[in-house]
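Observations on the model geometry
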Amino acid sequence: MRHPRSRCAVAALVLALPVVLAGCSQDDSAGDPAAGPSAAAAMTAGPTATGRAETSGAAPSTGASSTADTGDVAGGASGSTGSTEASAASAGTASTDGKPADSTPAASGAPAASAKPSASPAKPSASSAKPGASAEAAKPKPRIGPSKQTGPVRVTADDRARAAALVGSMTPLQRAATVVMPTNGQAGKTGGAPYGAVILMGTDGVVDGTGSGTPQRVKAAADDLQQQYRSGTTGPLRDIPMLVGVDQEYGQVARLVNGFTKFPGAGALAGISPTAKAASTVTKVAAAAGAEMRAVGVNLDFAPDADVLPVDGSSAIGDRSYGTDPQRTGVLVSAAVRGYQSAGVAATLKHFPGIGRIATDTHKALPDLSASCAEWNETEAVPMRAGIDAGAAAVMTGHVLMPAAGADTVPASISPAIVGELLRGKGTAGCDGLGFGGVTVSDSMQMAPIANSFSSGEAAWRALAAGQDLVLMPIDPAAAVRGIVAAVQSGELPSQRLSDAATAVLALRIAVARYPTPPLSVVNSPEHQQLLAEVRRLGA
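Residues numbered from 1 in each chain as written. Predicted model: local features only at pLDDT ≥ 70, side-chain atom pairs only at ≥ 80, totals over all residues. Heavy atoms only, no water.

1. Quick look at helix 12 (residues 416-423)
In plain terms, the rule: Burial status follows relative accessibility: with a 1.4 Å probe on protein chains alone, a residue under 20% of its type maximum counts as buried, one over 50% as exposed, and anything between as partly exposed. Each helix is a run of H or I in the DSSP string that is no shorter than four residues. Each strand is a run of E no shorter than two, and both are numbered from the N terminus.
Most of helix 12 sits inside the fold, with six of its eight residues counted as buried. When helix 12 is considered as a whole, its buried residues turn out to be Ala417, Ile418, Val419, Gly420, Leu422 and Leu423.

Here it is, written out as structure tokens:
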């Protein structure tokens with residue numbers, strides 16, 4: 001199915017939207033991307049205005065070292081941002097999508113992500129200065145510890161340089177553990193080094209290990225995970241919190257349910273009209289949701305869903321998507337990215353290269369995305385590109401074949417053609433590349449297309465070799481770590497590729513750590529309930 005509007009139409013729609021977060025400029029929302037990530041050695045042209053890394057020459061390889069960052073890196077630019085969702089296994093294995101459950105937070109209680117900085121204090125007059133006070137004494141004292149940030153999630157060149165230096169001092173085992181993301185129930189089963197990320201999983205809103213899944217219990221569980229990480233770490237790494245992720249799309253897919261604001265999901269929000277009003281509402285809801293997540297210790301959300309639904313026929317994604325129109329979906333995806341990241345939560349686009357027009361559940365089988373490159377460029381690519389341009393920190397790759405782009409034998413999640421060339425690079429076979437420079441993450445490695453064909457170790461190193469930075473939910477995370485180390489030793493996985501992936505993940509951790517933690521009182525607050533009532537009045 002072809003759509004006559006070009007991706008320029010998306011940009012026009014997005015730029016026409018009212019600014020809904022006071023004091024946020026369009027530049028702040030999009031970020032300042034820098035040169036490309038680890039998996040893309042060819043990305044050397046430096047920052048662009050769109051949040052995508054420019055590439056030069058052929059599509060990036062997956063083993064070469066990355067170029068140095070030259071400026072701030074917004075989510076979506078340069079390999080220093082974060083990513084991931086966890087949808088998981090066929091019957092009997094953990095799924096990140098889980099059962100339907102509405103949960104949602106509201107914007108009014110979100111951190112003042114868009115508030116303008118307060119005016120600097122007036123300089124004291126000569127008459128008010130104390131006698132003998134030196135100019136040196138009048139200088140502000142340096143801040144102790146990391147500064148706190150109230151703008152969109154942004155990985156800077158300094159973040160990436162610091163991360164690269166720390167990764168350079170790591171052992172191969174530590175680097176491998178940095179790029180593996182187990183469930184919270186498996187976080188203690190390390191292969192000798194603590195993991196750099198963890199995803200909160202559970203059933204019916206009761207996150208594993210919390211008993212009830214209430215905000216207080218979820219925060220306690222997240223705090224325990226961070227303490228467990230610190231206990232197994234020494235040196236500067238000890239002070240850099242793990243990524244704590246969750247599948248919190250709202251609507252059908254929600255992990256934080258009991259005691260959290262129950263906002264509607266993408267399909268319901270997409271029903272608001274006109275598009276500009278829908279987009280401003282999506283941003284408010286996502287900002288409020290982000291505040292609630294940060295309050296309980298979550299700093300990475302596997303949302304929004306950027307899939308496009310079929311005009312006719314069934315879809316396994318359903319109302320998790322914003323709809324059938326690629327351009328309008330792109331506007332709403334961008335709005336969600338800006339909302340989440342204004343609250344200090346890294347947003348993740350999913351499921352690249354797009355599974356919305358597929359009826360098969362990728363938890364259980366490996367389907368084909370049968371679109372031609374021309375059709376893909378005008379459909380699935382549109383909202384993905386829009387989300388990247390909005391500064392998305394991460395992109396999750398689904399388990400699907402895409403013959404038009406060269407992924408006709410292995411899932412997109414472990415395909416160099418899809419991750420390295422189509423997502424990170426300039427494209428392949430007529431499919432336009434997105435030049436993404438943030439953190440790439442696989443979908444759950446417990447899902448049938450991976451688990452039925454590969455061991456945890458092989459799946460992990462193949463994902464990294466394809467260009468992934470973060471390996472989500474391997475069945476045996478310790479075996480995944482061992483498999484990565486063994487692949488580096490054998491030469492199957494270039495050592496630089498592992499270092500680049502670890503640098504991207506660690507840089508995102510450094511970036512999100514700058515955000516303050518809101519009080520628990522923000523969760524399901526009166527302000528969020530007021531926003532929820534407003535959203536319902538609009539018909540969502």
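So much for the structure itself; the text now carries on.
2. Topic: the state of the cysteines
Heads up, the condition is: When the sulfur atoms of two cysteines come within 2.5 Å, that pair is taken as a disulfide.
As enumerated under the stated definition, the model contains one disulfide in all. Shown here is the disulfide that connects Cys373 with Cys431, its sulfur atoms set 1.9 Å apart. Torsion about the S-S bond of the Cys373 and Cys431 cystine: about -85 degrees, corresponding to left-handed handedness. Residue Cys373 is located in helix 10 (residues 373-378), and its partner Cys431 is located in strand 14 (residues 431-432); the two are separated by 58 residues in the primary sequence. Exposure class is identical for Cys373 and Cys431. Each is buried.

3. A word on the side chain of Ser499
How we decide: What qualifies as a polar contact is a pair of N or O atoms within 3.5 Å, subject to a donor-acceptor requirement within protein and to the restriction that residues adjacent in sequence count only when both atoms come from side chains.
Secondary-structure assignment places Ser499 in helix 16 (residues 495-512). On the basis of relative accessibility, which here comes to 11%, the residue Ser499 falls in the buried class. For Ser499, the side chain forms a polar contact with the side chain of Arg175, separated by 3.4 Å.

4. As for the environment of Gly297
Quick reminder of the rule: Only heavy atoms enter the contact rule, under which two residues are in contact if any of them lie within 4.5 Å.
Here Gly297 shows up in the loop between helix 8 (275-295) and strand 10 (300-301). In this structure the C-alpha to C-alpha distance between Gly297 and Leu243, which are 54 residues apart in sequence, comes to 9.4 Å. In this view, Gly297 contacts Ala222 and Val244; residues no more than four positions away in its chain are not counted.

5. Looking at the packing of aromatic side chains
Where we set the bar: What counts as a ring pair is set by centres within 6.5 Å for rings of Phe, Tyr and Trp (its six-membered ring), and what kind of pair is set by the plane angle: stacked under 30 degrees, edge-to-face over 60, tilted for all other angles.
Here the structure, examined in full by the defined rule, presents two aromatic pairs. Relative to Phe263, the ring of Tyr250 has its centre 6.2 Å away and its plane inclined at 80 degrees; by these criteria the two rings are edge-to-face. Of the two residues, Tyr250 is situated in strand 8 (residues 248-250) and Phe263 in the loop between strand 9 (253-254) and helix 7 (266-269); the sequence distance between them amounts to 13 residues. Take Tyr250: its relative accessible area is 4%, and that puts it in the buried class. For Phe263, a relative accessible area of 0% gives the class buried. Aromatic pair Phe352 and Trp376: ring centres 5.9 Å apart, planes at 85 degrees, arrangement edge-to-face. Of the two residues, Phe352 is situated in strand 11 (residues 346-352) and Trp376 in helix 10; the sequence distance between them amounts to 24 residues. We classify Phe352 as buried; its relative accessible area is 0%.

6. Some words on the pattern of salt bridges
Short version of the rule: Should a side-chain nitrogen of Lys or Arg be within 4 Å of a carboxyl oxygen of Asp or Glu, the pair is scored as a salt bridge.
Taken as a whole and assessed by the stated rule, the structure comprises 12 salt bridges. A salt bridge links Asp223 to Lys219; its shortest N-O distance comes to 3.0 Å. Residue Asp223 and its partner Lys219 are both found in helix 6 (residues 215-231); the two are separated by four residues, about one turn of the helix. Residue Lys219 is classed as partly exposed on the basis of its relative accessible area, which comes to 25%. Between Arg357 and Glu380 there is a salt bridge, with its nearest N and O atoms 2.7 Å apart. Residue Arg357 is found in the loop between strand 11 and helix 10, and its partner Glu380 is found in the loop between helix 10 and helix 11 (381-389); the two are separated by 23 residues along the sequence. What makes Glu380 buried here is its relative accessible area of 2%. Put simply, Asp247, Glu249, Arg255, Arg320 and Lys350 are held in one network by salt bridges that share partners.

7. Side note on the confidence of the model for the protein
As a reminder of what qualifies: The predictor rates its confidence in each residue with pLDDT, a number between 0 and 100.
Looking at the protein as a whole, the pLDDT averages 80, with 72% of positions reaching at least 70. Predicted confidence for residues 1-51 stays below pLDDT 50, and this span has 155 contacts to residues more than four positions away or in other chains. Taken together, the stretch residues 53-147 has pLDDT below 50 and engages in 346 contacts with residues farther than four places along the chain or on a different chain.

8. So, the packing of helix 9 (residues 326-342) against helix 11
What counts here: Here the axes come from fitting lines to C-alpha atoms, over the contacting stretch only for helices, and the angles between their N-to-C directions go from 0 to 180 degrees. The scheme is simple: roughly parallel for angles under 35 degrees, roughly antiparallel for over 145, roughly perpendicular for 65 to 115, oblique for anything else. We call a crossing left-handed when the near helix sits turned anticlockwise from the far one by less than a right angle, and right-handed when that turn is clockwise. Each residue gets one label: Ala, Val, Leu, Ile, Met, Phe, Trp, Tyr, Cys and Pro are nonpolar, Asp, Glu, Lys and Arg are charged, and the others, such as Gly, are polar.
It is the contact of helix 9 with helix 11, at a shortest axis distance of 8 Å, that shows an interaxial angle of 25 degrees. Relative to helix 11, the element helix 9 lies roughly parallel. Considering how the two elements wind past one another, helix 9 and helix 11 form a crossing that is right-handed. Residues Pro326, Gln327, Thr329, Gly330, Val333, Ser334 and Val337 of helix 9 pack against Val382, Pro383, Ala386 and Gly387 of helix 11. Class assignment of the residues belonging to the contact of helix 9 with helix 11 gives a composition of six nonpolar, five polar and no charged.

9. Section: helix 15 (residues 477-490)
Note the threshold: One less than the residue count of a helix, multiplied by 1.5 Å, gives the span that helix is expected to have.
Compared with an ideal rise of 1.5 Å per residue, which puts 14 residues at 20 Å, helix 15 spans 20 Å between its outermost C-alpha atoms and is within 8% of the ideal. Every buried residue of helix 15 is accounted for by Pro477, Ala478, Ala479, Ala480, Val481, Gly483, Ile484, Val485, Ala487 and Val488. Its side-chain oxygen 3.2 Å from the backbone nitrogen of Ala478, Asp476 forms the N-cap of helix 15. Where helix 15 ends, the next residue or the one after it, Gly491, has phi of about 90 degrees, a positive value.

10. Let's talk about the sheet that holds strand 10
Note: strands within a sheet are paired through backbone hydrogen bonds, in either parallel or antiparallel orientation. Applied cut-off: Any two strands with at least two DSSP bridges between them are considered paired.
If you walk across this open sheet you meet the six strands as 4-7-10-11-12-15, and the pairing is parallel. Pairing within the sheet leaves two strands with one partner each, and these edge strands are strand 4 (197-199) and strand 15 (439-442). Examined bridge by bridge, strand 7 (residues 243-246) and strand 10 share two bridges and lie parallel to one another. Looking at strand 10, one finds that Gly245 is bridged to Leu300. Packing of helix 12 onto the sheet brings it into contact with strand 11, strand 12 (394-397) and strand 15, and relative to strand 12 it is tilted by some 150 degrees.

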